[in-house]
Each structure stands twice: as C-alpha cells, then as structure tokens.
Amino acid sequence: MKLESFAEFLLTYSWGLLIIGMVISTMAFLGYFDIKNLIPPRCEAEPPFKCIGLEVKNSSTIEVMLRSQSNDTILISTLTVLNANPPCGGLVNASVNGQVLPFIISPRDIIKLDVLCKTPWFSGDFLDADIQLTYSINFSLLNTSIRVNGIVE
C-alpha cells in the first residue's frame, strides 16, 4: 500500500518537476541568467563632470560619455587609468571626441572620452577602474576621478 502511494506521488509530481526543469533550461539558453544582463555598466564621475554613458569593449577600450556641469570652459590636460582590474598596462591612446589631449570643453558640453589600454581584455571580464583627469578651470589646475565598472563586451 505504501509503495503504491509512493509510486503515485512520484508519477504525479515528476511531471511538474520536469516542466519546471524545462522552463529553467529554456530561460538559461535564451540568456536570462547571463551575467552581462545582471550587472549593467556603472560610471560615477566627480564634479564638474556627470557620467551619462559607459561602454567597455574587448579591444581594451573604455568609452565614457561625460557632461560638463561647469559654467566655465574646462581644459583637460592629462588622463590616466588607476587601480584597474584587469590591469590596463599603460595607455596606448586617450582622446576626447576623437582628438588627442589637451582638449577644451565648452560650458555644459557633452564629450566622449576614449581610453585604449595596452593589456588585452577578454569578453566576459569584469572591469573595475578609476580614470584620473587633470584639468584646469580659470587657471586653477585640478584633479577629478571617474569610477567605471562593467562587463567587457
């Protein structure tokens, strides 16, 4: 009697477990559990900049979209990548709107910052880095940091 009720229990609920397993497998196949979908890229900039976009590419390139929050003209003179994991290995190229540094930013302007590192990154790596900018406003030399992290595409 107990064996018969146990067999009936297994037969009834095994179909439910089979269907749940198939749904989870289909979701995994379609990428619902892909880490790139779970961890969006993040960018945090200190004033006088505001980060409005970030892309991390497997060509070891970081593309950051920044908006100037200053009412004054800003001159970006240098750019370095610090505390990068995976490591940057030094810069191959750094440009603002496709032009090499130094670069002048108009008040409230939007710029695209491109940083190309020497060390290769691979798709799926998690990048965590600080981009240090040296800039001047009204003849004052200042530093600011832009914190970026995200999955390399």
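Data block above holds the structure.
Residues numbered from 1 in each chain as written. Predicted model: local features only at pLDDT ≥ 70, side-chain atom pairs only at ≥ 80, totals over all residues. Heavy atoms only, no water.

**Re the packing of aromatic side chains**
No. 1: By the definition in use, this model includes two aromatic pairs.
No. 2: With a centroid separation of 4.9 Å and an interplanar angle of 50 degrees, the aromatic rings of phenylalanine 9 and tyrosine 13 are classed as tilted. Placement of the pair is phenylalanine 9 and tyrosine 13 together in helix H1 (residues 2-29), with a separation of four residues, close to one helical turn.
No. 3: Its relative accessible area of 47% is what places phenylalanine 9 among the partly exposed residues.
No. 4: Taking the centre distance of 5.7 Å and the plane angle of 80 degrees together, the rings of phenylalanine 49 and tyrosine 135 count as edge-to-face. Of this pair, phenylalanine 49 sits in strand S2 (residues 49-57) while tyrosine 135 sits in strand S9 (residues 126-137), and the two are 86 residues apart along the sequence. The residues phenylalanine 49 and tyrosine 135 share a single accessibility class, namely buried. (Phe/Tyr/Trp six-rings, centres within 6.5 Å; stacked < 30°, edge-to-face > 60°. Helix = DSSP H or I, 4+ residues; strand = E, 2+ residues; numbered from the N terminus. Buried < 20%, exposed > 50% of the residue type's maximum accessible area, 1.4 Å probe, protein only.)

**What about the pattern of salt bridges?**
Pairing between side chains of opposite charge can happen when the charged atoms of each approach one another.
No. 1: By the definition in use, this model includes six salt bridges.
No. 2: A salt bridge links arginine 42 to glutamate 44, with the shortest nitrogen-to-oxygen separation between them at 2.7 Å.
No. 3: In this structure arginine 42 comes out as partly exposed when scored by relative accessible area, which is 45%.
No. 4: The residue glutamate 55 makes a salt bridge to lysine 57 at a minimum N-O spacing of 3.7 Å.
No. 5: Members of the salt-bridge network, linked through shared partners, are Glu55, Lys57, Glu63 and Lys112. (Salt bridge = Lys/Arg side-chain N within 4 Å of Asp/Glu carboxyl O.)

**Looking at H1**
No. 1: Here H1 is 28 residues long and its end C-alpha atoms lie 40 Å apart, about the 40 Å a rise of 1.5 Å per residue gives.
No. 2: At tyrosine 13, H1 shows its maximal kink, close to 30 degrees. (Expected span 1.5 Å × (residues − 1). Bend = angle between axes of the 7 residues up to and from the residue.)

**Observations concerning the pairing of strand S3 (residues 61-68)**
No. 1: The buried count for S3 comes to six of eight residues, which makes it a mostly enclosed element.
No. 2: Looking at chain direction, S2 and S3 are connected through eight bridges and run antiparallel. Within the sheet, the bridge partner assigned to phenylalanine 49 lies in S3 and is serine 68.
No. 3: Taking the residues that link successive antiparallel strands as the turn, the S2-S3 hairpin has three residues, and the phi of serine 60 there is positive, at about 60 degrees. (Pairing = 2+ DSSP bridges.)

**Thoughts on the environment of glycine 89**
No. 1: Locating glycine 89 in the fold gives a position in the loop between strand S4 (74-85) and strand S5 (91-96).
No. 2: Considering only alpha carbons, one finds glycine 89 and threonine 119, 30 residues apart in sequence, at a separation of 5.1 Å.
No. 3: Here glycine 89 is in contact with Lys118 and Thr119, once residues within four sequence places are set aside. (Contact = heavy atoms within 4.5 Å.)

**Here's the deal with the environment of cysteine 43**
No. 1: In this structure, cysteine 43 sits in strand S1 (residues 42-45).
No. 2: Classification of cysteine 43 as buried rests on a relative accessible area of 18%.
No. 3: For the pair cysteine 43 and methionine 65, spaced 22 residues apart in sequence, the C-alpha to C-alpha distance is 9.3 Å.
No. 4: Setting aside chain neighbours within four positions, we find cysteine 43 in contact with Cys51, Leu54, Val64, Ile146, Arg147 and Val148.

**Description of unusual backbone geometry**
No. 1: At the junction of proline 47 and proline 48, the peptide bond is cis and its omega measures out at 15 degrees in the coordinates.
No. 2: With respect to the secondary-structure elements, proline 48 resides in the loop between S1 and S2.
No. 3: Of the consecutive residues asparagine 85 and proline 86, the connecting peptide bond is found in the cis state with omega at 0 degrees.
No. 4: Note that proline 86 resides in the loop between S4 and S5.
No. 5: Backbone geometry at asparagine 138 places phi at a positive 50 degrees, although glycine is not the residue there.
No. 6: Phi at phenylalanine 139 is positive, roughly 65 degrees, even though this residue is not glycine.

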